[in-house]
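Structural description and commentary
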Amino acid sequence: SYKNMHGYVSLVVCILGTIANTLNIIVLTRREMRSPTNAILTGLAVADLAVMLEYIPYTIHDYILTDSLPREEKLSYSWACFIKFHSIFAQVLHTISIWLTVTLAVWRYIAVGYPQKNRVWCGMRTTIITITTAYVVCVLVVSPSLYLISAITESLDQLDAQGKVLRSIPLTQYVIDYRNEMLSANAAALNATPPEQTLNETLWLNVSSLMTSTTSTTTTTLAPPTPSPVVRNVTVYRLYHSDLALHNASLQNATFLIYSVVIKLIPCIALTILSVRLIMALLEAKRRRKMLTSKPIAPAASNGTKSLNGKPAERPRKNSKALEKEKQTDRTTRMLLAVLLLFLITEFPQGIMGLLNALLGEAFYLQCYLRLSDLMDILALINSSINFILYCSMSKQFRTTFTLLFRPKFLDKWLPVAQDEVAAARAERSAVAPTLEKGRQQPHVVVVASTTTTNCTQVTNL
């Protein structure tokens, strides 16, 4: 099964994802790459990097080394504390990534659909405030609910000579009390059974015992298997439902609904709508650009334009710089659409599973949700680690900046970098530097101008 490979596959993905997100942060924070869009991508890379780093010890301990560790080390108190931290920390960071992706889609839609409002609505200051708000609000919304429904419990595991668990005895008082309550409730339910049903069950038991006794007179009965002797008692610690969650089913359901609806389904629906609108905006921009750059079919006299030498005057074309800027906008939008669609592919199934878990209860959780948890984990990890490949394959400026930063100089003899790319990057760097310097010297006067200039020249930095 995939569970046997999950530890090694997820470890490789996490190591590659850690390297990729580190490179993303280094490249996107360069001075020539500063823009609102790249600021959101940087915040996304920071959250994804933290997810990768935190998942590495988890997959090593719980999957790769699980058979070689003794039980008291595999289920120690310190590891139970880490599992509690892992369950909250990973979900908080994943939620941050989700909502930053939604923010990215909104920012991109405004840049494409309402370019004249982009500088006002999506400036650098507004973007930084939005990113900070996403981090703070996600921590405040997700952490308390996950913290309240789980607790570390202590148990005594009885092992045989082969290390197999014969019996697990709870030692935490609220778990003992809850099991006693459940036993009392079951006993009360049996006592409240209607008389006819009790009579039928008693008759069936009597007939069964009679058949067994009759058969035992003619055949040799097999003795019940002798239980394996207890060789060792081990105290272990596990993450279990808290006392509050055990006695309050609505709290557990509310937590699953928050996970499935607020964290998964609402962002996925919003991203689906925004992705469709972005595709429509791209097609409209392409149609508009084609109409502006093509020659008119109607004669010049029809619209009052004078002809030259008997030929109709051509519609004035945009200069090459404006056309290149529009093409760069389209390339950036396509790249971000790829990021959004990959996100939808990996997140939509998790949202649906979480919603079914909240609606169908524990049976679905044990039979389906837990069995698919490893598959959902690896999809989320791949989604968090693959953005670097998308940036390199679809963004010319990202490739150029990355090449200038990390390319060894001795390769220039055999594989020289295209001079137009180097010149463009250096020109952009020199254009941004004076603006930033002015912003430092005259903060109260030039901050708006600096932001406006940055947005004018770097609306589509990637």
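Below you will find a few notes about this structure. Given the structure is predicted, the values throughout are model-derived calculations rather than measurements. (Residues numbered from 1 in each chain as written. Predicted model: local features only at pLDDT ≥ 70, side-chain atom pairs only at ≥ 80, totals over all residues. Heavy atoms only, no water.)

A few points about the overall build of the protein chain
- For the protein chain, the helix and strand inventory stands at 17 helices and three strands.
- Relative to its 462 residues, the protein chain shows a buried fraction of 39%.
- Across the protein chain, the fraction of contacts at a sequence separation of at least 24, relative to all contacts at a separation of at least 6, is 79%.
- Surface summary for the protein chain: the accessible area is close to 26,900 Å², and the carbon and sulfur share equals 65%. (Helix = DSSP H or I, 4+ residues; strand = E, 2+ residues; numbered from the N terminus. Buried < 20%, exposed > 50% of the residue type's maximum accessible area, 1.4 Å probe, protein only. Contact = heavy atoms within 4.5 Å. Areas by Shrake-Rupley, 256 points an atom, 1.4 Å probe, with all protein chains shown as cover.)

Describing the environment of A50
- With respect to the element layout, A50 can be found in helix α2 (residues 36–64).
- Distance in space between the C-alpha atoms of A50 and A90 is 8.3 Å, their sequence separation being 40 residues.
- Once you skip the residues sitting within four places of it in the chain, A50 turns out to touch F89 and L93.

Description of the pattern of salt bridges
- Tallying each qualifying case throughout the model produces five salt bridges.
- The shortest N-O distance in the salt bridge between R71 and D157 comes to 2.7 Å. You can see R71 sitting in helix α3 (residues 71–74) and its partner D157 sitting in strand β1 (residues 150–159), a full 86 residues away along the chain.
- Owing to a relative accessible area of 0%, D157 belongs among the buried residues under this scheme.
- Salt bridges here are not isolated pairs; linked through shared partners, they connect R71, D157 and R238. (Salt bridge = Lys/Arg side-chain N within 4 Å of Asp/Glu carboxyl O.)

Here we look at the pairing of strand β2 (residues 165–170)
- Sheet topology places β1 next to β2; five bridges connect them, and they run antiparallel. Looking at β2, one finds that L156 is bridged to I169.
- Counting the residues that bridge the hairpin from β1 to β2 gives five residues, and of these G163 lies at a positive phi of roughly 85°. (Pairing = 2+ DSSP bridges.)

Brief notes about helix α13 (residues 373–385)
- With 13 residues, α13 extends 19 Å between its outermost C-alpha atoms, agreeing within 8% with the 18 Å of an ideal straight helix rising 1.5 Å per residue.
- Buried within α13 we find D374, M376, I378, A380, L381, N383, S384 and S385. (Expected span 1.5 Å × (residues − 1).)

Details of the packing of aromatic side chains
- Scanning the model with the defined rule gives 13 aromatic pairs in all.
- Ring plane angle 50° and centroid distance 6.2 Å describe the contact between F82 and F85, whose orientation is recorded as tilted. Within this pair, F82 and its partner F85 are both found in helix α4 (residues 77–113), separated by three residues, close to a single helical turn.
- Accessibility expressed as a relative area gives 41% for F85, which makes it partly exposed.
- Here the aromatic residues F388, Y391, F398, F402 and F406 are joined through ring pairs into a cluster of three or more. (Phe/Tyr/Trp six-rings, centres within 6.5 Å; stacked < 30°, edge-to-face > 60°.)

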